[in-house]
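# Observations on the three-dimensional arrangement
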Amino acid sequence: MDPVGVAAAPDAGPGPAWRSKCPWGAPNTTSISCSLADVMSEQLAKELQLEEENAAFPEVVAVAEGPFITGENIDTSSDLMLAQMLQMEFDREYDAQLRREEKKINGDSKVSISFENYRKVHPYDSDSSEDEVDWQDTRHDPYRADKPTTTPRRGFIGKGKDITTKHDEVVCGRKNTARMENFAPEFQVGDGIGMDLKLSNQVFNALKQHAYSEERRSARLHEKKEHSTAEKAVDPKTRLLLYKMVNAGMLETITGCISTGKESVVFHAYGGKSATEDKVIPPECAIKVFKTTLNEFKNRDKYIKDDYRFKDRFSKLNPRKIIRMWAEKEMHNLTRMQNAGIPCPQVVILKKHVLVMSFIGQDQVPAPKLKDVTLSSEDMKKAYYQILNMMQQLYKGCNLVHADLSEYNMLWHDGKVWLIDVSQSVEPTHPHGLEFLFRDCKNVSQFFQKGGVAEALNERELFNAVSGLNITADNEVDFQAEIEALEKMNEDHVQNHGKKLSMFSSDGDPPIYDE
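Residues numbered from 1 in each chain as written. Predicted model: local features only at pLDDT ≥ 70, side-chain atom pairs only at ≥ 80, totals over all residues. Heavy atoms only, no water.

The chain is annotated in an unreviewed UniProt entry as Serine/threonine-protein kinase RIO3 of Balaeniceps rex. Check the Subcellular location (unreviewed entry) section of the UniProt entry for the chain; it says "Cytoplasm". (UniProt positions renumbered as here; feature names shortened; annotations may be inferred.)

Okay, here's the thing in C-alpha cells:
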C-alpha cells in the first residue's frame, strides 16, 4: 500500500453517507450574525413591542377603528395612543356595569328603564345581547290584531254566511276598547292586557260621556280651589295675606276655623304686637275671610249698589271685586257702631277681603248665639230691652239699619247681647231701608214672644218705636204698603235733588226704651 495514499485517505471526504442522513443526529443550525448597531435599532424595538401588544389586546385593536388607531399610524410609543386604549377598555367595563344595573332594577317588571343614553360605546359593543330591547317596543297589544285589517270601501268582507260588515259586534267591541286609550289620563279605565275585551256602543258612549263630564268637573274644582275660598279653607292669595300678618307680628298664631256662613269663614287667632303705639291689638282676634265665590250669596248687590257711599264705585267694579267692597262696608259699619257705644267686635285691620276683629268669647271658645243659649226669664227680658235700645241707637246714632237682625246674628257674652255681621247694614234712606227694618223688627218680635217675654211688642209697634214713625195700619199688608209709599217718595226726592234727605223723619226723637 502506498503510504501517501493511506495518509490521504481520511481527507478524501467528510465521512460516511449514513452519518449525514441520520435523523437522530445533531441538526445543522445556522446562526445569523448581527452587529451591535442592529441590536440597538429603534425600529426593531417597535416591531417587538407591537407583537406583544397584539398578543395582549387582540379585541381592543379590532374594535378600535378610530382615526387614531389604524394599520398605518400605530405608534405604541405614543402616550396618547396608550391613554386612548386604556379609556376604551374602561368604557367597555362601564357599559357592562350599566347592563348589570339595568337587569337588577328591571327584573320581571313590564315597565323597564334603560341606561342607553349613558353608555360610552354605542354602535359596536360586541358584548351586548341582541335580545335586550325595550319591553314597550315589543309588547303585544291585545286590542290590536297581529295583522292590521283594512275595511274595504264597500263596507264588508267575505261572502255568503261568512260576510262581516263594519258594524259587526266583535269588530266594534274591539275598536271601542282600543278607543278608551284616548280618554283623559285622570279617567281610570283599568288594565285589560291579556283580555279580549269587547265594549258595546252603548257602554262606550256612556263611558265617553262620563269621561268628558269628569274632565270638566275636575277643571271646575281646580279653578275653584285656586281662585276662591271654599268651605273651611282659603285660596292661596288669602293664605298669603294671613302669612304676612303673622310674619309682621300683628298675629301670633292662627288656631283654626270657628264658624262658617254663606258669605264668610271666621278663624280664631291670638293677637301679636301692633306696629303703632296708638293701636292696641286684643289678645284674641277673629279673622273674617269673605268668600270670593258668589254662589251662596248672589244678592249682595241688593244691599250695596243703592248705598250712596258705594254707589259710584259699584258700577265700575266686576262681581269679584264687590267682595272687597263688602268687607270695607262691614268695617265702616262696625266703626260707626263702636263710636255709638253699641256692643260689637272691635275692628283691628282690613286687608282686601280679610277683616281682623276682636274675638267675642274666651280661650278659643266663641260666645254662643242667642238662639243656642238658654236664658232665664229675667235674662230674656233684659236681653229684649237691650236689643230694643241697640236698635234705636243703631237707627238714630249710627244712621243704620241692620238688615239681617235675628237670633242668629246676636251673641250672648258677659251678661249682654253683642251684634255681629253688619256687612249688609244700610242707611235708612236706602231704597229698601224701611223694608229691611220691618223685617228685623218681625224677627226680633217673634223670637222674644216665643221666648216668653210678655212685654215684647209686635212687629208694627216695634217698627214705630225704633223709627219714630207713626204708621197706623190695622193689618200687615196695609202697613207694608205705607212703608213702600214712603220709600217711593224718598227715591223720587233723591232723583230730583240728587242727595239723600229723609222724607219720613219724625218731628221728635224716637223714645228710648230701657228696663
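## As for the overall build of the chain
Secondary structure assignment for the chain yields 17 helices and 11 strands. For the chain, the residues scored as buried account for 34% of the 515 residues in total. Partitioning the intrachain contacts of the chain with sequence separation of at least 6 by distance along the chain shows that 59% fall at a separation of at least 24. Per element, the accessible surface of the chain, about 33400 Å² overall, is 51% carbon and sulfur. (Helix = DSSP H or I, 4+ residues; strand = E, 2+ residues; numbered from the N terminus. Buried < 20%, exposed > 50% of the residue type's maximum accessible area, 1.4 Å probe, protein only. Contact = heavy atoms within 4.5 Å. Areas by Shrake-Rupley, 256 points an atom, 1.4 Å probe, with all protein chains shown as cover.)

## Topic: the packing of helix H14 (residues 377-396) against helix H15 (residues 433-450)
H15 packs onto H14 with a crossing angle of 175° between their chain directions and a minimal axis gap of 11 Å. It follows from the interaxial angle that H14 and H15 lie roughly antiparallel. In this structure, H14 contributes Met 380, Ala 383, Tyr 384, Ile 387, Met 391 and Tyr 395 to the contact, and H15 contributes Leu 434, Leu 437, Asp 440, Cys 441, Val 444, Phe 447 and Phe 448. Across the contact of H14 with H15, the residue classes tally to 12 nonpolar, no polar and 1 charged. (Axes fitted to C-alpha atoms, helices over the stretch in contact; angles between N-to-C directions. Parallel < 35°, antiparallel > 145°, perpendicular 65-115°, else oblique. Nonpolar A, V, L, I, M, F, W, Y, C, P; charged D, E, K, R; others polar.)

## Quick look at a positive patch on the surface
There is a patch of like positive charges on the surface, built from Lys 237, Lys 244, Lys 321, Arg 324, Lys 351 and Lys 352. Take Lys 321: it is sitting in the loop between helix H12 (311-314) and helix H13 (322-339). Of the residues examined, Lys 321 reaches a relative accessible area of 42% and is grouped as partly exposed. (Patch = residues over 30% accessible without salt bridge, like charges linked within 9 Å, V, L, I, M, F, W, Y side chains within 5 Å. Salt bridge = Lys/Arg side-chain N within 4 Å of Asp/Glu carboxyl O. Lys, Arg positive; Asp, Glu negative; His and termini not counted. Charge placed at Lys NZ, Arg CZ, Asp CG, Glu CD.)

## Things to note about H13
The end-to-end C-alpha distance of H13 is 26 Å, a good match for the 26 Å that 18 residues give at a rise of 1.5 Å each. Listed as buried for H13 are Ile 322, Ile 323, Met 325, Trp 326, Ala 327, Glu 328, Lys 329, Glu 330, Asn 333, Leu 334 and Met 337. Phi turns positive one or two residues past the end of H13, at Gly 341, with a value near 85°. (Expected span 1.5 Å × (residues − 1).)

## Some remarks on the pattern of salt bridges
Following the criterion strictly, the structure yields 9 salt bridges and no others. In this structure, Lys 288 engages Glu 263 in a salt bridge whose closest nitrogen and oxygen atoms are separated by 3.6 Å. Highlighted residues: Lys 288 in strand S5 (residues 284-290) and Glu 263 in the loop between strand S3 (251-260) and strand S4 (264-271), separated in sequence by 25 residues. Across the pair, exposure class does not vary: Lys 288 and Glu 263 are buried alike. A salt bridge links Glu 427 to Arg 336; its shortest N-O distance comes to 3.0 Å. Highlighted residues: Glu 427 in the loop between strand S11 (416-419) and H15 and Arg 336 in helix H13, separated in sequence by 91 residues. A residue is classified by how much of its surface remains accessible, and Glu 427, at 4% relative accessible area, is buried. The class for Arg 336 is partly exposed, based on a relative accessible area of 26%.

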